[in-house]
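Residues per chain, in single letters:
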Amino acid sequence: MFGKILSLFRRDDRFLVLEIFDKYVRGALIKADLAEKQIRVLRFKEDNSVDEAGLKKFLKHFGNLSGNKIILGLDSHLATTVYAATVVVRDNFKDLIDEPNLDNLISQAIWKFFDRQRTRVASKMSVSDMDIVLSDVRIRGIKLDGHKVVNPLGFKAKSVEIQFSQTFLTRDIVNRIKKLFPKNQILFVGECGTTWSNVIGRATEAENFVLANLFFDKTSVFLGDRGQRNYWDNFLWGQYNVMQSLAEELLISAPVSKEIIKRYLADDVSPALKRRLETLFMKELHLLANSLSAVLAKADTKMIYVHSLFEVPNIFSNSFKNKFDRPVTLVPVDLDLVSQSLGFKIECKCEADNKKLFGLLAHFMEWQMSPLDDKMSQIAMRRVRWLAPTATE
């Protein structure tokens, strides 16, 4: 099957990967040779304007979009991607599963999954149920009476468990995407944190973990529980808290505070100031540890993957680990975590560090690892239209 997928793409196809968050956007133009698993990052850009005019201006940096395949990662208030499973019980379990029966089973499973998730998703995204659009469905696996199979056709089974990923958008976001991109160029749309979680899980084979994404003014948390990847919550802790705490302590402005942190990280401060800063940093990190400890209790794990969009002083120190109410394992997330494990050779032709590139290339890797042309996913995608309210053309 992988050979068929590769035949659809030329060597060195171009992909534009974008991540749109609540206050900023970043993107990378890449060339990929899927057969050789080689990626070249040609351009990278980030900006803090995410309105329609700002995004149009941002996209001009990457030139003519017509020759690019587009992959979108969206913040959790714009998209929700859920990895989970649905079980359908067959009344005619003595009959062999044929194609019409498989079509019916997948339809039932999608409806059950959608019906179970849409109220929670609408609440998470602060819209009504009728404003939720099911934009993507992919079948990740199937079990017959608890046993995993590649192709269910020709088997008997009383229960069929279908493992899904489904991505929900708001109607407003669907319309905004239509204005920005030709529909036939978009290969994949997913929620950033869930996509990152799934790629980490695939790369590390970790079954039960927490992913903490540290942004400027918030931390968003996702849970990985065996095959499930789900948004958990976010709380107001980020780079701003560290800067503001330092500014108040030393009676300085935020830009000066940021510069002092930069000098501390470069070990360019006096021993006395270093000790004072470490005490202050640990006070802030204690607040982060308290919030994450509550998540660890819920997830029943000690594994935290820390994906920081800024430099956090001493976050992997033993002093920080001791602030948790249970033993923890902290693992930094950057591009090397997945590129080496998944066998991609990555070459960067622009100025962008591994932390910033991780998120963007994780979306590309998730698309590359997703079911693309298998029969079951094709059946699932045919069912998306009648479950989604019609978006404005």
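Caption draft 1: Region of interest: the overall build of the chain. Across its full length, the chain carries 12 helices and 15 strands. Taking 393 residues into account, the globule formula puts the C-alpha radius of gyration at 21 Å, and the chain, at 22 Å, falls close to it. Over its C-alpha atoms, taken along the principal directions, the chain stretches across nearly 75 × 50 × 45 Å. Burial status across the chain gives 51% buried among its 393 residues. A separation of at least 24 residues holds for 71% of the contacts in the chain among residues at least 6 apart in sequence. Counting only carbon and sulfur atoms, one obtains 50% of the accessible surface of the chain, whose full area is about 18700 Å². Distance from the positive charge centre (57 side chains) to the negative charge centre (48 side chains) of the chain: 2 Å.

Caption draft 2: Region of the structure containing the packing of aromatic side chains. By the definition in use, this model includes 17 aromatic pairs. A network of ring pairs unites the aromatic residues Phe21, Tyr24, Trp196, Phe215 and Phe358 as a single cluster. The positively charged end of lysine 37 is found above the aromatic ring belonging to phenylalanine 344, 4.9 Å away from the centroid. Taking NZ or CZ as reference, lysine 124 lies 4.8 Å from the ring centre of tyrosine 231, over its face.

Caption draft 3: Focus on the pattern of salt bridges. One pass over the structure, following the stated rule, counts 17 salt bridges. One salt bridge connects arginine 138 with aspartate 136, and the closest N-O pair in it is separated by 3.0 Å. Just as arginine 138 is buried, aspartate 136 falls in that class too. A salt bridge links aspartate 268 to arginine 263; the shortest N-O distance between them is 3.5 Å. Note on aspartate 268: relative accessible area 44%, which makes it partly exposed. Judged by its relative accessible area of 41%, arginine 263 is partly exposed. The structure contains a network of salt bridges with shared partners spanning Asp22, Asp75 and Lys218.

Caption draft 4: Looking closely at the pairing of strand β11 (residues 219–225). For β11, the tally of buried residues reaches six of seven residues, placing the bulk of the element in the interior. Bridging between strand β10 (residues 208–214) and β11 involves seven bridges; their strand directions are antiparallel. From the neighbouring strand, valine 210 faces β11, where its bridge partner is leucine 223. Counted between consecutive antiparallel strands, the loop separating β10 from β11 contains four residues. Summarising the sheet, β11 and strand β12 (residues 228–235) pair through seven bridges and their orientation is antiparallel. Opposite aspartate 225, over in β12, you have glutamine 228 as the bridge partner. Turn length for the β11-β12 hairpin, with the two strands adjacent in sequence and antiparallel, is two residues, and the turn residue arginine 226 shows positive phi of about 55°.

Caption draft 5: View of the nonpolar core. Core analysis: the biggest nonpolar cluster contains 41 residues, and Ile30 and Phe364 have the highest contact counts within it. Counting only elements with at least two residues in this core, the list comes to β1 (13–20), β2 (25–33), β3 (38–47), α5 (192–204), β10, α10 (335–342) and α11 (354–369). Among the elements that take part in this core, α11 stands out by supplying nine residues, more than any other. Within the second largest apolar cluster, 34 residues are counted, among which are Ala212, Val242, Ala289 and Leu292.

Parameters and conventions
Residues numbered from 1 in each chain as written. Predicted model: local features only at pLDDT ≥ 70, side-chain atom pairs only at ≥ 80, totals over all residues. Heavy atoms only, no water. Helix = DSSP H or I, 4+ residues; strand = E, 2+ residues; numbered from the N terminus. Rg over C-alpha atoms; globule rule 2.2 N^0.38 Å. Buried < 20%, exposed > 50% of the residue type's maximum accessible area, 1.4 Å probe, protein only. Contact = heavy atoms within 4.5 Å. Areas by Shrake-Rupley, 256 points an atom, 1.4 Å probe, with all protein chains shown as cover. Lys, Arg positive; Asp, Glu negative; His and termini not counted. Charge placed at Lys NZ, Arg CZ, Asp CG, Glu CD. Phe/Tyr/Trp six-rings, centres within 6.5 Å; stacked < 30°, edge-to-face > 60°. Lys NZ or Arg CZ within 6 Å of the ring centre and 35° of its normal. Salt bridge = Lys/Arg side-chain N within 4 Å of Asp/Glu carboxyl O. Pairing = 2+ DSSP bridges. Core = buried A, V, L, I, M, F, W, Y, C linked by side-chain atoms within 4.5 Å.

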